[in-house]
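# Geometric and topological summary
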Amino acid sequence: MAMTATAQPQPNAVLDTILRAVGWIGLASIAVAVSLSDFLASVPADTANAGPLLAPPSEMFRLGTDILGRDMLSETLHGLSATVRAALPAMLVALIAGALFGFVAARLPRVLAFSLRGVIGILSAVPSLLLAILMIGLTSRGWSGLAAGLAAAPLAFVRAFERAEAQERTSHSEYARAAGISAMTLLRRDLVYEFTQTILSGAARSLAAVTIILSTVSFLGFAAEPPHRDLGLMIAAAKGYFLDAWWTAAFPALALTLLILFARLAAGLGEGERA
Amino acid sequence: MLHFALREAARLALGLLGALLLAAALAALGAPHAGRGFMPFMIGWGSVLGSLAQADLGRSAMSGGSVWHELGAHLPLTLGLVGEGFLIALIVGIPIGFLFGAGPARRAASPLVQVISAAPIFVAALALAYLAFHLLHWPVPVGAGEKSGLQLVPHTMAELQAALLPVLAIGLAGAAAAQLALRRGAADTLRQPWRVQLRRMGLTSWDVERAYVVPAVLAALLASLGEVVLALLSAAAVTEWVFRYAGAADLFVKSVALRDWSIAAAILFVFASLTMTAHFVGVCLARLLADPGAPASWR
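Everything in this summary refers to the structure shown in the same document. (Residues numbered from 1 in each chain as written. Chains lettered and ligands numbered in written order. Predicted model: local features only at pLDDT ≥ 70, side-chain atom pairs only at ≥ 80, totals over all residues. Heavy atoms only, no water.)

### Comments concerning the interface of chain A and chain B
Taken together, the contacts link 41 residues of chain A with 49 residues of chain B. Counting each side, the surface lost to burial between chain A and chain B is near 4,000 Å², with a carbon and sulfur contribution of 74%. On the surface where chain A and chain B come into contact, there are zero salt bridges. Summed over the shared surface of chain A and chain B, the result is five residue pairs in polar contact (both at pLDDT 80 or more). A total of seven residues in the side of chain A that touches chain B trace back to one element, the largest contributor, which is helix α11 (residues 247-267) of chain A. (Contact = heavy atoms within 4.5 Å. Buried area = accessible area lost by both parts, 1.4 Å probe. Salt bridge = Lys/Arg side-chain N within 4 Å of Asp/Glu carboxyl O. Polar contact = N/O pair within 3.5 Å; in protein donor to acceptor, adjacent residues only side chain to side chain. Helix = DSSP H or I, 4+ residues; strand = E, 2+ residues; numbered from the N terminus.)

In structure tokens:
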């Protein structure tokens, strides 16, 4: 009886699996929408006077038009595409500079490892948004993807560092060291396990983190520039008149929230857990 | 406990020193000829460190005034917003963390909390502004226009309306971090063997919850104080921009845009110090709360 009970998956585990599946299906749908955005959108990006100014959603303009008469459906698709295209390289940067570097850093000689951990700890005490803004200010808007990835990296570094430290204390590591297996071989082995087990959830988590940073720096005017508007910049542009024309901000905001929500679900993040 | 507090204090001191060195390196970018190579930059860095030793933070390239003056003009607003947001975070986050910590309530609230967690702060702030404007008919200062100060202790209805939206937006961001810490703490206590052992010793379920579980869960919240403050500061940066308040976070954004590195460095240092100090205070209080063996003199 007890065997049967332990063999059955727990309700929470089933729910988690379903939520992760929903997240990945959602991300796949967004990937399809992004790759077909030029085909799905009725007009090219930033086409003014496609319809009347500030027209509410209707049969002709399903998501309405903005203050320059741009079709909101087309603009939201283009904006989503711009956001995802900027977030993907940033996600890679966060994965490499955060998760990979953090894991490797934990296995460096102790003084070096803890010095690095200390420096990154200082960076992780600064809001990642401000770090991203600072890095864009030190370089240029063209580097916003790199800046967002590097700004998201400290937290990923700290998490990976702590995981690597915990793995180093496990019995298999102690046996391996006692058996004369070199630290480099052990690191290679742990890295393979770490990345096969966490690469997908780590990538989804980084995607959520960098999307929040990138869209926020765009909203503040530090990243995307017209005509290549991303969702953050679209919402910033709607700030002056969204109280009277809700659709100008609501649909880009919905698209952005869905993208982050799907990435969070795919990463298996808990409610309220930081990406 | 004393050993723990001393170790944490040493870590805090090292962290603050590191933050100071990094901030000085950033401020050195504003020194003459700093961009002309490694040596001029190092000379600039040394010069900034020398000035810092005399409590001179330099001058703002934007206003020409001293950095101290700029911080004095903008920081109180941000600290006030963060402080009031912290109260909202506790008022909202603690009940949510306890109510939805586990069981069917958590599963029921899960989808809503997930959606709210996915909305970036600026989206949440604009949504709050929209609701306040249309449902409560409040004047909402999100359009274009001059930035203003904020009455953190409102005396009139108009001042209360102006203060409430940014404080709510910041507080909700902090509440998310607070409830997460509480739920983590609650989940940890569920796994502890002492729950069953205490019941076997004859304690009622209520006694176990009141005397052991609640302190352990609150200790988890205190241990995450640094994370909560970090969430509040991040939210303040966006909220000041959305609601057009001239706080320190807004000044940071402006200073980076205009390459005023002295101001940017000072604000970064203040924010990092606040987070690190909150973490230090939080972990020490958590240790006191959760460690019944701590000497009475420390309580």
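### Regarding the nonpolar core
Formed by 148 residues in total, the largest nonpolar core has its most connected members in A:I133 and B:F252. Per element, the largest residue contribution to this core is 14 residues, and it comes from α11(A). If we skip the residues at most four places from it in the chain, B:F252 touches A:L130, A:I133, A:L134, B:A264, B:I267 and B:L268. Core analysis: the next-biggest nonpolar cluster, separate from the first, contains six residues, B:M1, B:F4, B:A5 and B:C284 among them. (Core = buried A, V, L, I, M, F, W, Y, C linked by side-chain atoms within 4.5 Å. Buried < 20%, exposed > 50% of the residue type's maximum accessible area, 1.4 Å probe, protein only.)

### Structural notes on the layout of surface pockets
By volume, the second largest pocket is sized at about 1,400 Å³. Around the second largest pocket, the lining is made up of 37 residues, and of these A:R117, A:G121, A:S124, B:R11 and B:H279 lie nearest the centre. Partitioning the lining of the second largest pocket into residue classes produces 16 nonpolar, 10 polar and 11 charged. (1 Å grid on protein atoms, 1.4 Å probe; cavity = no way out; pocket = protein on both sides within 12 Å on 5 of 7 lines; lining within 4 Å. Points joined across faces, edges and corners; volume = space filled by probe spheres on them. Nonpolar A, V, L, I, M, F, W, Y, C, P; charged D, E, K, R; others polar.)

### What about the pattern of salt bridges?
Oppositely charged side chains are able to pair whenever their charged atoms sit close together. Residues and elements named next belong to chain B. Scanning all chains against the criterion turns up 10 salt bridges over all chains. The partner of D207 in a salt bridge is R210, with the nearest N and O atoms 3.4 Å apart. A residue pair is termed a helical-turn pair when its members lie 3 or 4 positions apart in one helix, as D207 and R210 do in helix α8 (residues 205-223) at three residues. A relative accessible area of 25% places D207 in the partly exposed class. For R210, a relative accessible area of 45% gives the class partly exposed.

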